[in-house]
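The chain contents come next:
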Amino acid sequence: MKTKHNADVAIVGAGIVGLAHAYMALRKGYSVVVFERDEFAVGASVRNFGLIWPVGQLPGVGLDRAMRSRQHWLNISQQAGIWLNQNGSLHLAYTDDEMAVLEEFMDLHGASGFAVRLLAPEKISAMAQAVNQVGLKGGMYSDTECTVYSRQAIRRIPEWLSEKYGLILRFGKQVKDVAFPQVCTDDECWKVGHVIICSGTDFQTLYPQLFDKQHITKCKLQMMRAQFMSHIPALGPSLCSELTFRHYASFSKCPSLPELDARFDLENSDFKKYGIHVLVAQNAAGELIIGDSHEYALTHDPFESEYINALIWGYLTRFLETNNLRITERWHGIYPKLVTGALEMIVKPENGVTIVNGLGGAGMTLSFGLAEEVIDNL
Ligand SMILES: Cc1cc2nc3c(=O)[nH]c(=O)nc-3n(C[C@H](O)[C@H](O)[C@H](O)COP(=O)(O)OP(=O)(O)OC[C@H]3O[C@@H](n4cnc5c(N)ncnc54)[C@H](O)[C@@H]3O)c2cc1C
C-alpha cells in the first residue's frame, strides 16, 4: 500500500534544471516536492565546468535569460554558502585571423548588452599569469562569466532549499508513472497541482513518445581535472581560444569565422570531427577543470577515448602553461541536445504536466532564467 501525500508542485529530477524550477516555485510560495532517482544527482549537472557563460549566448532571449540566471546564481551562492567566483572570461587570439574575429565580435555585439573589451598581450599577462605569452596577439575579456564548483553547488542547493523554504526532498526515488494529478514512486503517491519533468538524458521513462518527436539526441563530452604540482597560480578569468569561437552562437555572425574555421580544419580536421573546443575553469581548491569534446548519438559507448583527451590537452598547451600540471581525474558527461538548435524543449503532454529539457551545453547558464519564465506561466 503506497502512502498518500499532497503538494502544489512536483518536480522530477534534481539536476540544475529541476532545482532551478524548485527554487522559482518555492519563491512563489508553492509547496514543492523534488524526486531524484539517485541518492544524489550524478548527471550532467555535476559533470560540467560549472561555468555561467552569458558571453556564449546570442543577444535577445538567450543573453537576457543568461543574465537573469547569473543574478540568481549570485543571490543563491551568497545565501546558501556556495563558492562562486565572478572571474569573467578571456578569449585568447594567437593569429591575425583569430584577432580579426574578436574585433568583429566587438563591432557586432559591443553595444548589445555584453560587457566585453579587447586586451593587449601585456594586459593579459598581468591579468592571467598562466596564459602562454608566446605568439599571443591579444584577447577579449568579458566581465559577466562566473564559476561555481558544480559538484558542491548541486549537492548544496537542495539542502539549502529544504532549510530555507521547506522543499520536500525525495532522493533515491524514481518516478515511474505520472497519471496527473498523481505522481507515484514505488512507495508513495503524491496528488499535486502541477508536475514539471526535468529528467535530463532519461527520455525513456516518462512520456517517451514525446521525446522522439522533438528531434532530441545525446551529446557525450570528455573532461579532465588537473592539479598544480607546486605553486598554484590564480587562473584569473576562465580561459578559451579559437576553437571556442566556432562553438558558441554569439560568434556565429562574425564575418571572418568561416575562413578561420576552414584554416583550422585544414590543419587538423579531427577537432571538428570530435567537436572539440577547449575551456579551462578553476575551482576553489585551485584545480583546473578542462574539456571538452562533443559527440552525438542516442547511445554512447561508456568509455573515454585517449585520442580525444590527447587532442584536448595538446590544444590546451597552445594557450596555457601546462608544465606544472598533473591530470588527476577524467570523466565524461552526457546532455540532451536539440538538433533544431532551439534553446530549450518545453512540452505539455497533458494539462498540469510540463516537460523541460534540451538545454544542451548551457544548463548552468540558462536554467534559473528559463525556470523563472516557466513558473511565471504556470
Ligand atoms: C561535460 C559537460 C560540461 C558542461 N559545461 C557546462 C558549463 O560550463 N556551463 C553550462 O551552462 N552548462 C554546461 N553543461 C550543460 C549542463 O551541465 C546541462 O545543460 C545541465 O546539467 C542539464 O541539467 P538537467 O537537470 O537537465 O540534467 P541532469 O543534471 O542530468 O539531471 C537530470 C536528473 O533527473 C533524474 N531523473 C531522470 N528521470 C527521473 C525519474 N523518472 N525519476 C526521478 N529522477 C529522474 C536523473 O537521475 C538526474 O539526476 C555541461 C554539460 C556537460 C555534460
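All of these numbers come straight from a predicted model, not from anything done at the bench.

### A short note on the overall build of the chain
Next, step 1: A count of helices and strands for the chain gives 12 helices and 20 strands.
Next, step 2: Looking at the chain residue by residue over its 378 residues, the buried ones come to 45%.
Next, step 3: Look at the contacts in the chain between residues 6 or more apart in sequence, and 78% of them connect residues 24 or more apart.

### Some words on the sheet that holds strand S4 (residues 84-85)
Next, step 1: Strand order across the open sheet formed by 3 strands is S3-S8-S4, with antiparallel pairing between neighbours. A strand with exactly one partner marks an edge of an open sheet, and here the two such strands are strand S3 (51-52) and S4.
Next, step 2: In this sheet, strand S8 (residues 146-148) lies alongside S3 in antiparallel orientation, the contact comprising 2 bridges. Bridging across to S8, Ile52 finds its partner in Cys146.
Next, step 3: Contacts between helix H3 (residues 61-80) and the sheet are confined to S3, S4 and S8, with S8 contributing the most and set at about 45° to the helix.

### Some words on the domain arrangement of the chain
Next, step 1: Split by domain assignment, the chain resolves into domain 1 (3-47 + 151-212 + 342-376) and domain 2 (95-143 + 216-338).
Next, step 2: Each of domain 1 and domain 2 has a C-alpha centre, and the two are 31 Å apart.
Next, step 3: Taken together, the 13 residues of domain 1 in the interface contact 10 residues of domain 2.
Next, step 4: For the side of domain 1 that touches domain 2, the class distribution of residues is 5 nonpolar, 7 polar and 1 charged.

Definitions and cut-offs
Residues numbered from 1 in each chain as written. Predicted model: local features only at pLDDT ≥ 70, side-chain atom pairs only at ≥ 80, totals over all residues. Helix = DSSP H or I, 4+ residues; strand = E, 2+ residues; numbered from the N terminus. Buried ≥ 20, exposed ≤ 12 C-beta atoms within 10 Å, placed from the backbone. Contact = placed C-beta atoms within 7 Å. Pairing = 2+ DSSP bridges. Axes fitted to C-alpha atoms, helices over the stretch in contact; angles between N-to-C directions. Domains from an automatic or database assignment. Nonpolar A, V, L, I, M, F, W, Y, C, P; charged D, E, K, R; others polar.

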